[in-house]
Amino acid sequence: MYWTPAQQLAHMTVNGAALRTGDLYASGTVSGPAPEQRGSMLELSWNGTEPLSLSEPLREDGDAELGDVVEDRSAESPFEVAATALLPEEINRLLAPLEVKTVWHPAGI
């Protein structure tokens, strides 16, 4: 490899990349010569030239698949679903103690 990890990090940050603890960065090298040794999405698809299956396992134990992490843009946001379901109930709960009772007044005020 031409650059050391420390040099790669310095190069990115000096050019303005906002890096935080836990961020990942790639060297641009291929993880291994065999297809089963490829690690990143770019490597798995061989730079987009080979198709990927959504049932491609992401972990060695097979617990997660590629389809589990692909965004479904047609799905409703879990936050929106929860807010829509809980908001009327919460409003009623908060307004219940403030219930206003109409009081009859002879002057009609």
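We now turn to the structure provided with this report. Being a predicted model, the structure only gives us computed values, none of them experimental. Going along each chain's sequence as written, the residues are numbered from 1 onward. Per-residue local features of the predicted model are confined to residues with pLDDT of at least 70, and side-chain atom pairs are confined, for both listing and counting, to 80 or more; whole-chain, interface and lining totals are unaffected and use all residues. Note that water and hydrogens are dropped before the side-chain values are worked out from all heavy atoms of the structure.

## Regarding the overall build of the chain
Part 1: Secondary structure elements are defined from DSSP: runs of H or I of at least 4 residues count as helices, runs of E of at least 2 residues count as strands, and each element is numbered from the N terminus. Counting secondary structure elements, the chain contains 4 helices and 0 strands.
Part 2: Mapped from its N terminus to its C terminus, the chain presents α and β elements in the order α-α-α-α.
Part 3: Type-normalised accessible area, obtained with a 1.4 Å probe on protein chains alone, sets the label of each residue: buried when under 20%, exposed when over 50%, and partly exposed for intermediate values. Counting all 109 residues of the chain, 7% fall into the buried class.
Part 4: The long-range share in the chain, meaning contacts at least 24 apart out of those at least 6 apart in sequence, stands at 7%.
Part 5: Summing over all exposed atoms, the chain offers an accessible surface of approximately 9,900 Å²; the carbon and sulfur share of this is 59%. In what follows, residue pairs with any heavy atoms lying within 4.5 Å of each other are defined as contacts. Here, Shrake-Rupley sampling with a 1.4 Å probe gives the accessible areas, and only protein chains in the shown set may cover a residue.

## Some remarks on a nonpolar patch on the surface
Part 1: The patches reported here contain residues having more than 30% relative accessible area and no salt bridge. Joining distances are 9 Å for like charges and 5 Å for nonpolar side chains (Val, Leu, Ile, Met, Phe, Trp, Tyr). Salt bridges are defined as contacts in which a side-chain nitrogen from Lys or Arg sits within 4 Å of a carboxyl oxygen from Asp or Glu. On the surface, Leu54, Leu58, Val69 and Val70 cluster together into a nonpolar patch covering about 360 Å² of accessible area.
Part 2: Tracing the chain through its elements places Val70 in the loop between α3 (66-69) and α4 (78-95).
Part 3: The exposure class of Val70 is partly exposed, given its relative accessible area of 45%.

## A short note on the pattern of salt bridges
Part 1: For the structure shown, the criterion picks out 1 salt bridge.
Part 2: In this structure, Arg93 and Glu90 form a salt bridge, with 2.7 Å as the shortest nitrogen-oxygen distance. Separated by 3 residues within a single helix, Arg93 and Glu90 lie in helix α4, roughly one turn from each other.
Part 3: On the accessibility criterion, Glu90 (34% relative accessible area) is partly exposed.

## A few points about the environment of Leu54
Part 1: Mapping Leu54 onto the fold places it in the loop between α2 (41-44) and α3.
Part 2: Along the backbone, Leu54 and Val69 are 15 residues apart, and their C-alpha atoms lie at a distance of 9.3 Å.
Part 3: If sequence neighbours within four positions are ignored, Leu54 has contacts with Glu65, Leu66, Gly67 and Val70.

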